[in-house]
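Okay, here's what each chain looks like letter by letter:
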Protein chains: 2
Amino acid sequence: MILSKTTEYALNVLSFMATRNKEMYPAEFLYKELKIPRQYLRRLLTDLSKKGFITSIRGRNGGFVFSRDLSSINFAQVIEAMEGQEAMKTCLLGFTACIIDHPCVMHDLWTEARSKMIETLTNTSLADLKNKYEMDKDTIAQLNNSLIH
Amino acid sequence: MILSKTTEYALNVLSFMATRNKEMYPAEFLYKELKIPRQYLRRLLTDLSKKGFITSIRGRNGGFVFSRDLSSINFAQVIEAMEGQEAMKTCLLGFTACIIDHPCVMHDLWTEARSKMIETLTNTSLADLKNKYEMDKDTIAQLNNSLIH
DNA sequence: TTAAATTACTACAAAATGGTAGCATTTACA
DNA sequence: TGTAAATGCTACCATTTTGTAGTAATTTAA
């Protein structure tokens, strides 16, 4: 029910980057925006680039950019990359070992709810997130507009 | 996505106790059945009794018994008791802080999948678990039976 | 009334996770 | 070509979670 803080950070970073229209995100900028501990964030960014979500560009004017299309990155992938493959494959609640003498009763019980959740995480890409974000912005702008007129 | 090991242990213990028809479960018996580290299990049992799910009976022939009806204990309650009230109330993925300048986009995204999950956890009591367990046993028995005849 | 079987408590050890500091390396640009 | 702005790496520290050991207290039954 609870992702590790690191995974939470990763999702925050990536969704922040996905919804802003910048070319380049230096660690220091993300640090100021997201308030994730500076050095820990740096490590996380390096990690995310090793995992292929973003690319690091060293040197002056460097930073991090997405290394693939936003539509090709979904939330399940990110969680899996951070928490290990097991996380998404085993029971949502983390039951790895069934009670020995019978098929794990718990497993069945929420198989449906579980697969729904995984489905949502798999079907939602960073591109979807971005679209939703822009739509929300538009809606708010229109609301303001209509209030003024 | 991942409950703490301790919460996992708690669910294992309680569901084991719920599906067996014993009056009393001494720690040592549960230890042998469930292979949860002995001393850690003892602490967990004391903790579960302080939290009102089970009652401890000290002294010879002592052990642990459910302190209320199985139908009054659901999985959400157990998880909440172990992980803290926040766990079930905040976003399923643990997002506590929304990005400052706009309502957290992520929150909306899987609100539905999330509430489905919580619904299932809330609607499933230890009594339901037990019923399912007995039904499964019957089904298997009948299958064996029909294979013999 | 004493021994055995049990839980309660306390203190500590080990492992995992989260966080910090500092220096090395790379790159752009004045 | 040197300096500033950036990431990479390594080693360490702090905190939280998980696991262990031993002793005290409680209860039953021989």
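Scroll up a little and you will see the structure.
The structure displayed is predicted, hence computed values, not measured ones.

Each value, and the rule that gives it
- Residues numbered from 1 in each chain as written.
- Chains lettered and ligands numbered in written order.
- Predicted model: local features only at pLDDT ≥ 70, side-chain atom pairs only at ≥ 80, totals over all residues.
- Heavy atoms only, no water.
- Near = heavy atom within 4 Å.
- Polar contact = N/O pair within 3.5 Å; in protein donor to acceptor, adjacent residues only side chain to side chain.
- Helix = DSSP H or I, 4+ residues; strand = E, 2+ residues; numbered from the N terminus.
- Nonpolar A, V, L, I, M, F, W, Y, C, P; charged D, E, K, R; others polar.
- Buried < 20%, exposed > 50% of the residue type's maximum accessible area, 1.4 Å probe, protein only.
- Salt bridge = Lys/Arg side-chain N within 4 Å of Asp/Glu carboxyl O.
- Pairing = 2+ DSSP bridges.
- Phe/Tyr/Trp six-rings, centres within 6.5 Å; stacked < 30°, edge-to-face > 60°.
- Expected span 1.5 Å × (residues − 1).
- Arc of directions from axis to C-beta.
- Contact = heavy atoms within 4.5 Å.
- Core = buried A, V, L, I, M, F, W, Y, C linked by side-chain atoms within 4.5 Å.

Undergrad: It is not clear to me how the protein's contact with DNA strand C should be interpreted in this structure. Could you clarify?
TA: Residues in contact with DNA strand C amount to 26 residues; listed here are only the nearest, Thr6(A), Ala27(B), Arg42(B), Thr46(B) and Ser56(B). Between DNA strand C and the protein, one listed contact pairs a base oxygen with a side-chain N or O atom of Arg43(A) at 2.9 Å. Measuring from a base oxygen of DNA strand C, one finds a side-chain N or O atom of Arg58(A) at 2.9 Å. Sorting the residues of the surface near DNA strand C by element identifies helix H1 (5–19) and helix H3 (38–50) of chain A together with helix H3 (38–50), strand S1 (54–57) and strand S2 (63–66) of chain B as the ones contributing at least two each. Among the elements that take part in the surface near DNA strand C, H3(B) stands out by supplying 4 residues, more than any other. In the surface near DNA strand C, the residues fall into 7 nonpolar, 10 polar and 9 charged.

Undergrad: Help me out: how do you make sense of the environment of Glu8(B) in this one?
TA: All names here are of chain B. Looking at the element boundaries, Glu8 is found in helix H1 (residues 5–19). Residue classification places Glu8 among the buried positions, given a relative accessible area of 15%. Spatially, the C-alpha atoms of Glu8 and Met82 are 9.4 Å apart, while their sequence positions differ by 74 residues.

Undergrad: Help me understand the protein's contact with DNA strand D, please; the structure alone is not making it clear to me.
TA: DNA strand D sits among 26 residues. The nearest are Ala27(A), Thr46(A), Ser56(A), Lys5(B) and Thr6(B). Residue Lys50(A) places a side-chain N or O atom 3.0 Å away from a phosphate oxygen belonging to DNA strand D. Take Gly59(B): an N or O atom from its main chain is 3.5 Å from a base oxygen of DNA strand D. Contributing elements (two or more residues each) for the surface near DNA strand D: H3, strand S1 (54–57) and strand S2 (63–66) of chain A together with H1 and H3 of chain B. At 4 residues, the largest contribution of residues to the surface near DNA strand D is made by H3(A). Residue composition of the surface near DNA strand D, by class: 7 nonpolar, 10 polar and 9 charged.

Undergrad: Just to check I follow, could you spell out the pattern of salt bridges for this structure?
TA: Opposite charge on two side chains permits them to pair, given that their charged atoms come into close proximity. Residues and elements named next belong to chain A. As enumerated under the stated definition, the model contains 4 salt bridges over all chains in all. Note that Glu28 and Arg38 form a salt bridge whose closest N and O atoms lie 2.8 Å from each other. On the criterion of sequence distance, the pair formed by Glu28 in helix H2 (residues 27–34) and Arg38 in helix H3 is long-range, its members being 10 residues apart. The partly exposed category is assigned to Arg38, whose relative accessible area is 37%. Across the pair Asp47 and Lys51 runs a salt bridge, and its minimum N-O distance is 3.1 Å. For Lys51, a relative accessible area of 33% puts it in the partly exposed group.

Undergrad: Would you mind going over the pairing of S2(A) with me for this structure?
TA: Side-chain direction in a regular strand flips from residue to residue, so the side chains alternate between the two faces of the sheet. Residue and element names in this part refer to chain A. When S1 meets S2, the two strands line up antiparallel, connected through 4 bridges. Bridge pairing in S2 places Ser56 opposite Phe64. Connecting S1 to the next strand, S2, in antiparallel fashion are 5 residues, including Gly59 with a positive phi near 85°.

Undergrad: Before we go on, may I ask you to explain the packing of aromatic side chains in this structure?
TA: For any pair of aromatic rings, geometry is given as the distance between the ring centres together with the angle between the planes. Evaluated as defined, the whole model comprises 6 aromatic pairs over all chains. Relative to Tyr40(B), the ring of Tyr9(B) has its centre 6.0 Å away and its plane inclined at 75°; by these criteria the two rings are edge-to-face. You can see Tyr9(B) sitting in helix H1 and its partner Tyr40(B) sitting in helix H3, a full 31 residues away along the chain. Since its relative accessible area comes to 17%, Tyr9(B) is described here as buried. Given the relative accessible area of 33%, Tyr40(B) is considered partly exposed. Between Phe16(B) and Phe29(B), the ring centres sit 6.3 Å apart and the planes meet at 50°, which makes this aromatic pair tilted. Of the two residues, Phe16(B) sits in helix H1 while Phe29(B) sits in helix H2 (residues 27–34), which places them 13 residues apart along the sequence. Through successive ring pairs, a cluster of aromatic residues spans Phe16(A), Tyr25(A) and Phe29(A).

Undergrad: What should I look at first to understand H3(A) in this one?
TA: An α-helix turns once per 3.6 residues; consequently, residues spaced three or four apart project the same way. Residues and elements named next belong to chain A. In this model, H3 (13 residues) spans 19 Å end to end at C-alpha, consistent with the 18 Å of a helix rising 1.5 Å per residue. Turning to H3, its buried residues number three or more, namely Leu41, Leu44, Leu45, Leu48 and Ser49. The buried residues of H3 occupy an angular sector of 135° when the element is viewed end-on, so they sit on one face. Exposed positions of H3 whose direction lies more than 90 degrees from the buried face are Gln39, Arg43 and Lys50. Close packing links the buried residues of H3 with H1, H2, S1, S2 and helix H4 (75–83). Count one or two residues on from H3 and you reach Gly52, which has phi positive near 90°.

Undergrad: Honestly, the nonpolar core in this entry has me stumped. Any pointers?
TA: Nonpolar side chains tend toward joint burial in soluble globular proteins. If you look at the biggest cluster of nonpolar residues, it comprises 35 residues, and the most contacted ones within it are Val13(B), Leu30(B), Leu45(B), Leu48(B), Val78(B) and Leu126(B). Mapped by element, the contributors of at least two residues to this core are H1, H2, H3, helix H4 (75–83), helix H7 (111–123) and helix H8 (126–148) of chain B. Per element, the largest residue contribution to this core is 8 residues, and it comes from H1(B). For Leu48(B), the contacting residues outside a window of four places in its chain are Ala10(B), Val13(B), Leu14(B), Phe53(B), Ile54(B) and Met82(B). Listed in part, the 34 residues of the second largest apolar core include Leu11(A), Leu45(A), Leu121(A) and Leu129(A).

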